[in-house]
Amino acid sequence: MKVLKGRYGIIARAIMEAIIPRGGAFEAGAADYDLLPEADRFIGCFDGRMRKLFPLMLLYIEYGALFTSGRTFTRMSPEKAGAFLEKMEASPLYFKRAMIMVLKLMTTVPFFDIDEVARQVGYSHGTHCGHGASQGGMP
Amino acid sequence: MIRQFSDYHRDIHETADVCVIGSGAGGAVAAKELAQKGHSVVLLEEGGHHTRETWNGKPFKSMVDMFRNGGGTFTLGMPTVSITLGKCIGGTTTINSLTCFRTPPEILKTWRDELGLAGFTEEYLGPYFEKIEKAIHVTELPWEVLGNCAKIIKRGADSLGLNCRPLKHNALNCRGCGTCQFGCIDGAKQSMDVTYVPEAVKSGARVYAHCRAERLMTENGAVTGVRASLVNPETGKAAHAMTVRARTVIVACGSLITPSFLKRSGLKNKNIGRNLQIHPGARVCAIMEEKVEGWKGVSQGAYIDDFENEGIILEGIFVHPSILLGAFPFIGLPFKELAAQYAHVAAFAAMIHDTAAGRVYRSGPEGILSTYFINRHDIELLKKGVAYVAKIFFAAGARKVLTAFRQMPVLDSPDDVKRLLDLRVKPGDNHEAMAFHPLGTCRMGSSPKTGAVDSNGESFNVKNLYIADGSVVPTSLGVNPQITIMALANHIADRVAERLGRSA
């Protein structure tokens, strides 16, 4: 892991599971897959400044939650964690919304890259042109 | 032959007539033209060489392998605007949406009348456009290949009396697999990596991938070559050094990198890094009653230019769920509720001809530091553009429309469109924006006061140094710029060839 190591990985995993929990409109949730290595590779490509900011952003979420619920983010229930992120997404403060945008992409890019997950939202990769999508994606 | 990191075992020293830095729309064209005229050419590209055998058409692999900063390039400002750039052989042409427009005549008139660039007439550039369009197979694709998003927008536009037309694409035998921005899995896209770069190689150009230009070498006010690093793609660290001695250097790293590279090389001209224009855009997604399956078809199929006189163009944009759903509102189960309707989503975008100007600063070789603040005029245009798309979607039968404006992220009816139009939006704080066309940061001008390069692309400060990428485009175009960049690069390559011919 380049960026999401140690406690940063734990926070990132909790965020991903809050953004896409199990159940609801389709079964799969972020907790069903080990998205962390892929998320780390994705973030590892970011510009050096962004890479350095990323752990700070995770800490902001982890300890920012203390002020609203009295618990760190990773100790919140999934519902409360989701509500906390939702509040950030609707915030009038741009930097909070920007954080959510980045965290959502950190989650959706590796999550929906998995063909069986993509199929749950009706997507089939290239099959209409005769490109068969295998379990892990095409080579 | 295209050399890559696995071919590098020691420092490399090259000598050539011309060293071209960057293999995108500008660099590839310049390299091919000069190599075909018999000049020895070395082409340097920071990214790797990827082909349809190595990419899978999905965002994750493509963003990690072929996008600069994994797609995380952005301008600082309110809001930060993400700008998608390619970092691979073919540059951004390998990962763009294939849309081809010639430079609009009224833009050329502005260049002539207001910037003193008298030579850029339609008559002069016409043959360049024709040649390029032939080389990259610019064509109008049938509606079946343009996909359902395009058909839905056309239906809505027709009912409102607007003119929705197919975009032109650089594609050969395209079947509409829909993976355009993440590596064409059919090999239909005629980007630089499959057209101009192979042609340059055929004519003797030596191409070095994973090679990052560090700075220019100069002597007595003239360029003499380039110092570069051969970069390990796994670590991003320089493993070997490379020097290229050349009589002429053409910099084509793109509008966000060229200015920083020139500044690191010691060039001083107040226009270097200024005048950044990006065509800010905003996505608009509609949840339709019908099944859309928007991925079946090219991702950018059609356009509407009825609002061109206002500075707004509406264009298709549909991408893989990894990216499109990442831009959807909500968290948790409400997000999943919306995501589950992906097959019913149609997407289109509003793009504006911007009047604001940003700036690119000097940064290290690995980073990009730029600022861009959307102004009041432009945000008003963007809001109007989004409202126009929403209106068209509702006319086509949309159930809901999702916007990029915080105060109204979901529109439920045409009445909401009216409310959106009346909404007061301050620049920056209440909306998101994206951009794909950075231009103008080393613009052409008639003198060093107005430009960084002359109308032949030659630097006002250093002799035999040329720039041939989006950074020389003097103003915002209002349309996708790849054809303009290629035409200007071809024009610049011809001027370089004349100079080399004279001094041979």
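These lines cover the structure that appears in this document, whether it is placed above or below. Given the structure is predicted, the values throughout are model-derived calculations rather than measurements.

## Points about unusual backbone geometry
All names here are of chain B. Look at the link from Met 78 to Pro 79: it is a cis peptide, with omega at -5°. The topology assignment puts Pro 79 in the loop between strand 4 (74-75) and strand 5 (81-83). Despite not being glycine, His 210 shows a phi value in the positive range, around 55°. Considering the arrangement of structural elements, one finds His 210 in the loop between strand 10 (206-208) and strand 11 (211-219).

## Digging into the pattern of salt bridges
Think of it this way: side chains of opposite charge can pair up when their charged atoms draw near. Residues and elements named next belong to chain B. All told, the structure shown has 33 salt bridges over all chains when counted by the stated rule. For Arg 155, the salt bridge is made with Glu 290, and the minimal N-O distance between the two is 2.8 Å. Of this pair, Arg 155 sits in helix 5 (residues 143-160) while Glu 290 sits in the loop between strand 14 (281-288) and strand 15 (302-304), and the two are 135 residues apart along the sequence. Taking relative accessible area as the criterion, Arg 155 reaches 37% and is therefore assigned partly exposed. Its relative accessible area of 31% is what places Glu 290 among the partly exposed residues. Lys 383 serves as the salt-bridge partner of Glu 380, at 3.1 Å between the closest nitrogen and oxygen.

## A closer look at the packing of aromatic side chains
Two aromatic rings, taken as a pair, are described by how far apart their centres are and by the angle between their planes. Residues and elements named next belong to chain B. In the structure shown here, the tally under the stated rule is 18 aromatic pairs over all chains. Ring geometry for Tyr 124 versus Tyr 128: centroids 5.6 Å apart, planes at 70°, classification edge-to-face. Of this pair, Tyr 124 and Tyr 128 both sit in helix 4 (residues 122-135), separated by four residues, roughly a single helical turn. With relative accessibility at 10%, the residue Tyr 128 sits in the buried group.

Conventions used here
- Residues numbered from 1 in each chain as written.
- Chains lettered and ligands numbered in written order.
- Predicted model: local features only at pLDDT ≥ 70, side-chain atom pairs only at ≥ 80, totals over all residues.
- Heavy atoms only, no water.
- Helix = DSSP H or I, 4+ residues; strand = E, 2+ residues; numbered from the N terminus.
- Salt bridge = Lys/Arg side-chain N within 4 Å of Asp/Glu carboxyl O.
- Buried < 20%, exposed > 50% of the residue type's maximum accessible area, 1.4 Å probe, protein only.
- Phe/Tyr/Trp six-rings, centres within 6.5 Å; stacked < 30°, edge-to-face > 60°.

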